[in-house]
Each structure stands twice: as C-alpha cells, then as structure tokens.
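Understanding the architecture of this molecule
Residue strings, one per chain:
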Amino acid sequence: MNHLIRLFLLCLLIIEPMSGGHGVSASDVVPELWRKGEADSHCRQWVDAAMTRMTLKEKIGQLFIYTIEPSLTKRNLALLREVVQTYRVGGLLFSGGKLQNQAELTNRAQAMARVPMLITFDGEWGLAMRLRGTPVFPRNLELGCIRDNDLIREYGREMARQCRELGVQVNFAPVADVNTNPHNPVINVRSFGESPEAVSEKVIAYARGLEEGGVLSVAKHFPGHGDTDTDSHKVLPRLSFDRGRLDSVELHPFRAFVRAGLSGVMVGHLEVPSLESQEGLPASLSRNVVNDLLTEELGFGGLIFTDALAMKGVAAHRNVCLQALKAGNDLVLAPRRLKEEFQAVVDAVESGELSVKDIDRKCRKVLTYKYVLGLKKKPHVRLSGLAQRIHTSQTSDLIRRLRRASVTIPDNSGQVLPLYTHPKRPIALLEVGESNGLEALAERMSTHAPVRRFSLPPDLSGEEARRLCDSLNTHHRVIVAVSDLRLTPYQSFFADFAPERPVAYLFFTPAGMMLQLNKSVKQAGAVVLAHSADADVQRHVGDLLFAAASADGRLPASIGSLFAEGAGVNLTTGMQPHLTAEDLGFSAERLLRIDSIAQAGIRGGAYPGCQVVVLKDGQVLVDKSFGTFSGMGSPAVDSTSLYDLASLTKTTATLLAVMKLYDKGSLNLTDRVSDHLPFLKGTNKEKITVQELLFHQSGLPAGIAFYQEAIDKESYKGKLFSNRKDARHSVSLGGNVWANPHFKFNSDYISDIQKPGFLRPVSKGLWVGDAFREVMERKIADAPLKAKTYVYSDVGFVLLGMLVEQLAGMSLDEYLQREFYIPMGLKRTGYLPLRRFSAEQIVPTANDRFLRKSWLQGYVHDETAAFCGGVAGNAGLFSTAGELASVYLMLLDGGLYRGSRYLSEPTCRLFTATVSKISRRGLGFDKPDPVNPEKGNCAPNVPAEVYGHTGFTGTCAWVDPVNRLVYVFLSNRVCPDVSNRVLIRTEIREQIQAAIYEAMLP
C-alpha cells in the first residue's frame, strides 16, 4: 500500500510545473532504484539480516567512503586493510592510477569486507578521468553541442558497462551545474552548458543511461557550482544570488533530476547566504540546504553524498563528517582524518547529539542501494582480459559518433559551406598548428576537390605574411584550420588577414580558442567547431565541408561576443553549395547593372515592381525582386509574389503539354488539327497542321475579339469603340482606341452569380457559361484564313489548348499539374490561382475599366483566356520568376529536373532547336532575329540558339543553351493602365538580358 501511495504522489509531482517550488516531502519523489529495492522482498530480507549482524560502529562505517590510491605497495595494502577491517567503511573511491591496480585492490577489498563494499568512481568523462590507458570520451561541454539526447543516454549505458567491468557501482556523474560564468576555474568544460533547460536534458539522459546499466548516477554539485569564479578545492566559493535566481538557474537541473526518479546527489562546498544564514558554512554542512531544501522541499529520496571532505572549501571545519551527517547527507566522502572523524560520529551517537535512529535509517538506505546495485554478495572483477573488455570496437564507435555529433557550425552567414568545387581551381588550406597535424583533414578534403596546403609558421614577418596572403588570394576558397592551442604567436598575421575570397575557419580546439582570433572569426564566412584534432574528427569535417556528411550541433554556451548559446546551423548531406558570381564566371559588380536597370524602370513608370531570376549551369546567379505590387503604399514584391504570365503561358503551359503528347506518340507535328477538333472539319482550316500553329504560319488571324459576342448589342448606344475620346467612349485601350464601358452582358453567356452551367470565372462577380465554348468554336471556324505566312497568332494557341484537352481527356490545367507542375514541386505555378492563394499573394495586373470594370488580381488579363474561364492555350498561367526558371532549366537539361525525367531529350532538342524557314520563330518558341537582331525580342548580343517567349503584361523567359543560361523577367507593366508602353519603348527586358552577357568574365 505504501508503495502505491508513493507511486501516486510521484505521478502528481511529475505533472506539476518544474519551475515551481516548495513544500514537497521526501516521500513524494521515489527514485526508480529505491522503488525497485522496496518492492523486492529478498532485498528487504537481506537488509534486515545485515542490520541485525552489525554493531553500531559497523553501521556508522557504512556511511563513510574512503579515498585510496590504486597502488600495490605494502603501505597502501596495509592502509586498505585498516579502513576495511577496522573501520568497516561502506565504500571506496580510488584516486588516479592504473586500471589493473584498481581492479586488483577492489577484489582484495571485497574479499576482506564483511558487507560488500560500494565502489565509487569519479568518471565525469569516462574512466580516463582517473585511469590511464582507458577510453577517452569528450568532455561535457562538447557533448552539450549534441542535439540527439538518445546518444547521450547511450553514452551513459556504455559508461555503466565499463564501470561494472571494473567492479564500480557508483559514478559521481553527471555534473548538473549550469556554467553561466565563462571564468569559472573548476566547472567550465565539465558542465553541459549555460542553458538550464538544455543542461537538464543532458543530465537526465546521461543519468538514465548509467542507471539503466546498473550504476548509480550522482548529480553534482548541489545547489549549483556553475556561476563561481573560485575553486572549492582551494577556497569556499560564494553564491550571492537570491532564491529566485537559484530556482531559475542553479536548481533547475537538480529539480529535473529529482523528478525524473534518479538516485544520487552530491552536495558541494559552496557558501549560499540566501539558503544558509550562518556565515562561512558550506552547503554540504548546512541542514537548511541538505535536509530542508534537497530532501524536504525538492523531495529527493535517493542517496545524498558530500563532495570530498578533504577539499579546502570545507576542511577547516571541525568534525566535518559529523556535521555532514547531521545536515542530512547519507554518505560522507573522502574525509582527511578517518580515525578522528569516525570517532566524532561515534561519540555524537553515544551522547545523543546524533540518534541511533538516524544512523539506522541512513545505513538501511545505503544497504538497500547496495543490494539493488548487485552487492547482495561479494563481487569479483575478472582480471584477465579486463583491458580488452573495457576497450571494445563498440566503445570506439560510440566515441566516434559522439565526437561527430558534437561538431557544430556556429556560423555560415557567408554561405561558404558546403564548398564549391572546381576541377581546375584548388582550395587553399591554411594550417595553423603542428606540422602535419592536420594530415587526415587534408587527405579527406583532397578526395572531394583539389587542395593546396599552406602552413602558417608562428611569428611570420610582414613580408612573408604579404606573400602568403597573395598566394591565398589566387584560390577561389580559403580554409583556415586551427589545431594549435596557443594562438598568440599567430595574432599579428590574423590582425591584417583580409582575404578577397570566401573564408571558412575550422577549430580543432576547444571553443574558447576562437576568442584569440576574435576579429578574424567575426569576418569569416563560415565557422566550424570540431573540438579536437582527432583523426576521425578531421576526416568527418573533411567530408562535412563538401556536404558528404551532416552537422546539426548547437553551442551549449556562448563564446564571448562571437556567438550566443544555441548558435548553430544545419548542414545536410547532399546540400548544394552556394556559388558566388565569380564562381559562375560573372562579375558581381557588373551584375549590379541589373538592379539599376530594374529600379530605373520603376522610377520611369514602366511597372510598379518586377522579379528577375538568372540561372547559370542550374545555379542561381540572380534572384531579386524590386518595387511594389501596384505603387506606393502597396506590398513589396518578393520571390513568392505571383504574376500573370500572359503569353508566356504559350511556352510554359501549352507547349509543354504538346511536347508531352508528342513524346507519348499521341500526336505528330504533321497531324491535321481538324482530325482531333471536329468543328474544323469542312472549313477552310481543315488542313492546318500542329507544326503550322507552332510556327504561327497557319493563316489564322492574330486574334479574335471573342468577348464581343458576350456583350448585349442592344444595351448600349452607338458604337462600342471610337478612334477618339468622347462622352460615351471614355476608356482608353491604347493607341487611338477608346471604348464605351456602358454596356451589359448577354445573360445567355455571362452571369453575375455562380450557378450550374456558369462555373468558370471571368473576373470578380462574373462567370462565363458553358455555351460560350460553341460561340468561340464558331468564330474560329468562320474567321478568314490568310496566306500561310508568319503572323503571330493567339488563335493558333487557343486551338492547341483545345487539342491538348481532347487528346489528354482532361482540362489543360489538370493535365499540366499532373504531368509537370506537381511532380516538379512547383507549388505556385498554375491557372486560376485564386483557387489556391489569397488575392493578397497575387500581384494585380491591371484595372479593367472597360470590359470587367474591376481590378484584375488573380484573374487573367487576356480577354480571350478570361472568356475561356481563365484556362486557355494562349494565356491564363500565373507563376513566380523562380518557378518559371525551374521549368526552363528542365528544358535546358533535356527534359530532366532534379533527377526525374519529364520530357525526352530528342523531343526537347527538336522543339527548342528547330527554326521556321520563313521567320525567326521556332516550334512554339520565339528566337532572336537572325537578320536584324535589333528588331527581335532579345538583346542583340545573345547567341542565335537562344529560345523563349515574352508576354503582354511585361514578362519574358529566355534560355541560352550555348552558355547554359536561363533568364526570367516578370512585371505588371499594364498596372494600372493597359496603355502603358514604357517597358516596351525603353526595352528594359532586353537591357537586363544584355547586362547579363556584359557581366560575363573572359
């Protein structure tokens, strides 16, 4: 029943906020190991039997842990016999020495003891903290960089395994101190960091691993040694903080540890006036701290250890073991004078100063934990093969994984990582440290890219430093790799080190070493903290630089003013490098002309805003947005802003679908369109072929004003259009055309409400009826057919859109989404954008004061496409410059995009390279004018092989297969007025294209 009550109270405690505070009794929090012992009837019987056999002095002896040197000298063996047989101490703590000696002395001690001894160990970073030749694990501050706490837990389990192999049941770890003081002389790298929350997580993970492996964890140094500037081994540090600060920082990890049901706490030698009013009294001897705070308030029910009582922070006090036990500690650690301290406790019990009941309670507690930790009978350490059992391949692998996981990239603001590689341009590696000390790094880097190594000798002369800097500047990337722990001799070099190339600093040292190169690190494009120059770490970093390995570490503590706690960026395997303009063969300075041209266009009223994207070899060379949606006071254009592409729809939508159907064998260029669109049968358009439509030489007119058929001709007086402005004709359509906006639509074709048969939008508040499709077909069939010369025709692409829908068996927009846009990951490309985006994300195209009498924002500007319900072969597509560039990159790469194929290479080659014999036009694509380059839609300095298209709203997309360039420009030049021709007159699109070529490096 008591067990169930305790379990219930524990559950209540766990769901309380962890920052809360007072009045928790010891029975509320039951450590898991203690619960295990209490639930075991054999444990209770063993403890009862042991207690019955013990004298008072033997019970007192169980509360002492004695420190002894692991050596086999006669003097040391005699001392061991004395403390075990005379004082019956409950446990031992070995000081530094050899693995084999400690194991042998452990066996001797256990053999002599009447009650099995608790063997403790001070192994914060593994056995190597005290024993030579044992596996060396990273220090806690390095482990604090690791984000995967399951890996820390695994480390705890491995530490427990090694302890058990050595006959150790208690590890005085983890350090739960929050190291908020960078000048702390004793905690420092022993702490997991300066964030109370992060430290708590690491402490619990490591402690759980220990206890899952059968070793008692001991969180230290209660109530918190992290913010001190003195060493308790030498003096008594003072924590002059109020209780609120202690609760939020120092006590936070200990409270979390207690509530996690873990088993041991070590109390430090710290003066804390806000907890103990008696001046100079260490926390370890304070009942206010040990009993009232730790046991009663925090509710800790596990074993409480003092820190070593031989330390100067406490040793000046008389009878320290007695005072420690009276304060509430269960076990006193490493007293300096065992005989006197032991006798003082005996005398105190006999005088009534310390009750027999207290001694019995503490002894029973110690014995219970001994049983749970496997000491129901005397253990024996197997000496043969001990070193091999400690050093396993799994241990080495774990250390390797811990070191790799702790690698942190505090900064990559210059986007230097991952490194860009060029087969003919080596990377400079400047090594700061021991000669050949970074051989593993250099070798691994050279497997990814050509590397030229430079060694920085200390105290370099000014002339030598200049020559070295000149050599480094001939390389396109510079890596500074630091492995020396003394950087003062190099500071004069780095004081003037300002390379012209992107630089990354690699520190194979503790984090604090960065501060010695403070100025250079601040100017770096990237910084990697690797912590140590271990060869495997070097190889890992060598892969990391090229995204052949990953890193996700975060700094557990700030590094001066350089980096804050928590700093770190992720670098994932396969991440693509960020390339500079120079890497791609362009002058960054000359490319700035693009900005000045685009901004001049805004100032000159060519458009309110625009997007410009340029790709080189599939890499982003330019990706910029300028201006606003519709002028002052409207949102700024950014890379996600959606634009009406107008006639860019022809090549970005309809032509893609035609190419796909051609690939599948569903159509041929010589096919008659009437074979698939029966309404053309028996007309003079019956023999028009797909190729003729693509070349714009079918004889069809440039356009047909389909929308006029939807206007009720009885609803207005006079003519609909005039060549001059008057009272009726008040809306300019550009040039000398003025329109009468005072009309109504024919209700057979247009509805001002959405209803069956009228589901396709024309604009806000207008829907076109299904019957209008027949009107359009009739108008095309009846249109006059001219000679088959070149006439750019929207009508031809309207027919191609209808053709695609007939062959695909679905609407044009559905087919394109299925075959291209969705699988390519183009989330902002498509028809009818208001189905997926709010109007606020779409750039307004124009204010249509004549036909639709509303702002067109998310509704296609082109009237023909609008009266097709927004989906047509000639217009209607919306997108961003970035996503458009992806479409044309796919065409440039022969139908491939991100490893997936969308069109065959022969099809791409056919459609992008073929040119009409009677015009500059290709198969759907526009081309430079070979006869008079000034008259085409391209800049005059582009190669003849360029292909692409333009759009009426002020858009263009061009692909240069010779130089592997993609150029996209999007604007809303007709906003607000369709008559605005500044963009066309000033040739801004062509100017920007020319500037791209002028920025090419020789």
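Residues numbered from 1 in each chain as written. Predicted model: local features only at pLDDT ≥ 70, side-chain atom pairs only at ≥ 80, totals over all residues. Heavy atoms only, no water.

Some remarks on the overall build of the chain
Of regular secondary structure, the chain possesses 33 helices and 36 strands. Against the globule reference of 30 Å for 1002 residues, the chain gives a C-alpha radius of gyration of 40 Å, more extended than a compact globule. For the chain, the spread of C-alpha atoms along the principal axes amounts to about 125 × 75 × 50 Å. Residues classed as buried in the chain amount to 59% of the 1002 residues present. In the chain, the share of contacts with a sequence separation of at least 24, taken over all contacts with a separation of at least 6, comes to 71%. (Helix = DSSP H or I, 4+ residues; strand = E, 2+ residues; numbered from the N terminus. Rg over C-alpha atoms; globule rule 2.2 N^0.38 Å. Buried < 20%, exposed > 50% of the residue type's maximum accessible area, 1.4 Å probe, protein only. Contact = heavy atoms within 4.5 Å.)

Some words on the nonpolar core
In terms of nonpolar packing, the biggest core is built from 123 residues, with Phe 64, Val 89, Leu 92, Leu 216, Phe 222, Phe 305 and Val 345 touching the most fellow members. When residues of this core are assigned to their parent elements, the largest contribution, seven residues, is made by helix α9 (residues 196-212). Not counting residues within four places of it along the chain, the set of residues in contact with Phe 305 comprises Ile 65, Val 170, Phe 172, Leu 216, Val 218, Val 265, Met 266, Val 267, Asn 329 and Leu 331. In this structure, Leu 677, Leu 812, Leu 851 and Ala 875 belong to the second largest nonpolar core, which totals 103 residues. (Core = buried A, V, L, I, M, F, W, Y, C linked by side-chain atoms within 4.5 Å.)

Side note on the packing of aromatic side chains
The final tally for this structure, using the stated rule, is 25 aromatic pairs. For the pair Phe 64 and Phe 342, a centre-to-centre distance of 5.7 Å together with 55° between the ring planes defines the contact as tilted. Taken together, the residues Phe 64 in strand β1 (residues 64-68) and Phe 342 in helix α14 (residues 338-351) connect sequence positions 278 residues apart. For Phe 64, a relative accessible area of 1% corresponds to the buried category. The class for Phe 342 is buried, based on a relative accessible area of 5%. Seen in terms of ring centroids, Phe 772 and Phe 867 are 5.9 Å apart; in terms of plane orientation they differ by 50°. Their pairing is tilted. (Phe/Tyr/Trp six-rings, centres within 6.5 Å; stacked < 30°, edge-to-face > 60°.)

Brief notes about the pattern of salt bridges
Applying the stated rule across the entire model yields 53 salt bridges. Salt-bridge contacts for Glu 58 lead to Arg 88; the nearest nitrogen and oxygen are separated by 3.8 Å. Linking Glu 58 in helix α4 (residues 56-61) with Arg 88 in the loop between α5 (74-86) and β2 (91-94), this pair joins segments that are 30 residues apart in sequence. For Arg 88, a relative accessible area of 22% translates into the label partly exposed. The network of salt bridges with common partners includes Asp 122, Glu 124, Arg 130, Arg 190 and Lys 220. (Salt bridge = Lys/Arg side-chain N within 4 Å of Asp/Glu carboxyl O.)

Considering the sheet that holds strand β31 (residues 877-879)
To summarise the sheet geometry, strands pair through backbone hydrogen bonds and adopt either a parallel or an antiparallel arrangement. Across the sheet, which stays open at both edges, the three strands sit in the order β19-β31-β28 with antiparallel pairing between neighbours. A strand with exactly one partner marks an edge of an open sheet, and here the two such strands are β19 (643-644) and β28 (830-831). One ladder, built from two bridges, connects β19 with β31; its direction is antiparallel. Paired with Tyr 643 across the strands is Ser 879, a residue of β31. (Pairing = 2+ DSSP bridges.)

Structural notes on the environment of Val 762
The topology assignment puts Val 762 in strand β26 (residues 760-763). Classification of Val 762 by relative accessible area gives buried; the value is 2%. For the pair Val 762 and Gly 858, spaced 96 residues apart in sequence, the C-alpha separation works out to 11 Å. Those residues in contact with Val 762, other than ones at most four positions away along the chain, are Ile 750, Trp 767, Val 768, Arg 852, Tyr 859, Ala 866 and Phe 867.

Quick notes on the sheet that holds strand β23 (residues 738-739)
Strand order in the open sheet made by the three strands is β21-β23-β22, with antiparallel pairing throughout. Looking at strand neighbours, the two that pair on one side only are β21 (721-722) and β22 (731-732), the edges of this open sheet.

Let's talk about the pairing of strand β8 (residues 264-267)
In summary, the side chains of a regular strand alternate between the two faces of the sheet. Alternating residues of β8 divide into Gly 264 and Met 266 and Val 265 and Val 267, and every residue in both groups is buried. Bridge analysis of β8 against strand β9 (residues 303-306) gives four bridges, and the strand direction is parallel. Bridge assignment links Val 265 to a residue of β9, and that residue is Ile 304. Considered for its hand, the β-α-β crossover made up of β8, helix α12 (residues 287-297) and β9 is right-handed. (Right-handed = clockwise from strand over helix to strand, strands pointing away.)

Digging into the packing of helix α3 (residues 41-53) against helix α15 (residues 356-372)
Running from N to C, α3 and α15 cross one another at 130°; their axes reach a closest spacing of 9 Å. The orientation of α3 with respect to α15, classified from their angle, is oblique. In this structure, α3 meets α15 at a crossing whose hand is right-handed. In this structure, α3 contributes His 42, Cys 43, Trp 46, Val 47, Asp 48, Ala 50 and Met 51 to the contact, and α15 contributes Asp 360, Cys 363, Arg 364, Leu 367, Thr 368 and Tyr 371. (Axes fitted to C-alpha atoms, helices over the stretch in contact; angles between N-to-C directions. Parallel < 35°, antiparallel > 145°, perpendicular 65-115°, else oblique. Left-handed = near helix turned anticlockwise from the far one by under 90°.)

Considerations on the environment of Arg 243
If you trace the backbone, Arg 243 turns up in helix α10 (residues 243-248). On the basis of relative accessible area, Arg 243 is assigned to the partly exposed category, the value being 21%. As a C-alpha pair, Arg 243 and Ile 60 span 183 residues in sequence and 34 Å in three-dimensional space. Within the structure, the side chain of Arg 243 is placed 2.3 Å from the side chain of Glu 297, a separation counted as a polar contact. (Polar contact = N/O pair within 3.5 Å; in protein donor to acceptor, adjacent residues only side chain to side chain.)

Section: the pairing of strand β18 (residues 619-627)
Relative to β18, strand β17 (residues 609-616) is paired through eight bridges, and the arrangement is antiparallel. Within β18, the residue paired with Lys 616 across the bridge is Gln 619.

A closer look at unusual backbone geometry
The omega angle of the peptide bond from Leu 417 to Pro 418 is -5°, so this bond is cis rather than trans. Structurally, Pro 418 can be placed in the loop between β11 (408-411) and β12 (427-432). Of note, the amide linkage connecting Cys 975 to Pro 976 takes the cis form, showing an omega dihedral of 0°. Tracing the backbone through its elements, the reader meets Pro 976 in the loop between β36 (965-971) and α32 (982-986). Even without being glycine, Arg 88 reaches a positive phi, approximately 50°. Phi at His 531 takes a positive value of approximately 75°, unusual for a residue other than glycine. Mapped onto the fold, His 531 is located in the loop between β16 (526-529) and α22 (535-544). For His 531, a relative accessible area of 11% gives the class buried.

Side note on the environment of Ser 191
Position of Ser 191 relative to the elements: it lies in the loop between β6 (170-171) and α9. The spatial distance from the C-alpha of Ser 191 to the C-alpha of Gly 144 is 8.1 Å, given a sequence separation of 47 residues. A distance of 3.0 Å separates a polar side-chain atom of Ser 191 from the backbone nitrogen of Gly 193.

Notes on the state of the cysteines
Applying the stated rule across the entire model yields zero disulfides. Looking at Cys 610, it has no disulfide partner, and the nearest cysteine sulfur is the one in Cys 956, 10 Å off. A disulfide-free cysteine, Cys 956 has its sulfur positioned 8.1 Å from the sulfur of Cys 938, the nearest such atom. (Disulfide = S-S within 2.5 Å.)

A word on the packing of helix α8 (residues 149-165) against α9
Between α8 and α9, whose axes approach to 6 Å, the crossing angle comes to 35°. For the pair α8 and α9, the sense of crossing is right-handed. Touching Asn 149, Ile 152, Arg 153, Tyr 155, Gly 156, Arg 157, Met 159 and Ala 160 of α8 are Glu 201, Lys 202, Ala 205, Tyr 206, Arg 208, Gly 209, Leu 210 and Glu 212, all from α9. Residue composition of the contact of α8 with α9, grouped by class: seven nonpolar, three polar and six charged. (Nonpolar A, V, L, I, M, F, W, Y, C, P; charged D, E, K, R; others polar.)

Considerations on a positive patch on the surface
A grouping of Lys 234, Lys 312, Arg 336 and Arg 337 is seen on the molecular surface, where their side chains present a positively charged patch. Inspection of the secondary structure assignment puts Lys 234 in the loop between β7 (216-222) and α10. For Lys 234, a relative accessible area of 59% gives the class exposed. (Patch = residues over 30% accessible without salt bridge, like charges linked within 9 Å, V, L, I, M, F, W, Y side chains within 5 Å. Areas by Shrake-Rupley, 256 points an atom, 1.4 Å probe, with all protein chains shown as cover. Lys, Arg positive; Asp, Glu negative; His and termini not counted. Charge placed at Lys NZ, Arg CZ, Asp CG, Glu CD.)

Overview of the confidence of the model for the chain
Residues of the chain with pLDDT of at least 70 account for 97%, and the chain-wide mean is 94. Considering only residues more than four positions removed or in separate chains, one finds that residues 1-27, a stretch of pLDDT under 50, has 42 contacts. (pLDDT = per-residue confidence, 0-100.)

As for helix α18 (residues 439-446)
If you check which residues of α18 are buried, you get Ala 440, Leu 441, Ala 442 and Met 445. The secondary structure elements touched by the buried residues of α18 are β12, β13 (451-455), β14 (478-482), β15 (503-507) and α22.

Things to note about the side chain of Thr 106
The residue Thr 106 is located in helix α6 (residues 99-112) in this model. Owing to a relative accessible area of 1%, Thr 106 belongs among the buried residues under this scheme. If we skip the residues at most four places from it in the chain, Thr 106 touches Phe 94, Ile 119, Leu 166, Gly 167 and Val 381.

Concerning the side chain of Lys 650
The topology assignment puts Lys 650 in helix α24 (residues 648-663). Given the relative accessible area of 0%, Lys 650 is considered buried. Within polar-contact distance, the side chain of Lys 650 engages the side chain of Asp 794 at 2.5 Å. Looking at Lys 650, its side chain comes within polar contact range of the main-chain oxygen of Asn 874, at 3.4 Å. Leaving out residues up to four positions away in the same chain, Lys 650 has contacts with Leu 655, Tyr 792, Ser 793, Asp 794, Phe 797, Gly 873, Asn 874 and His 949.

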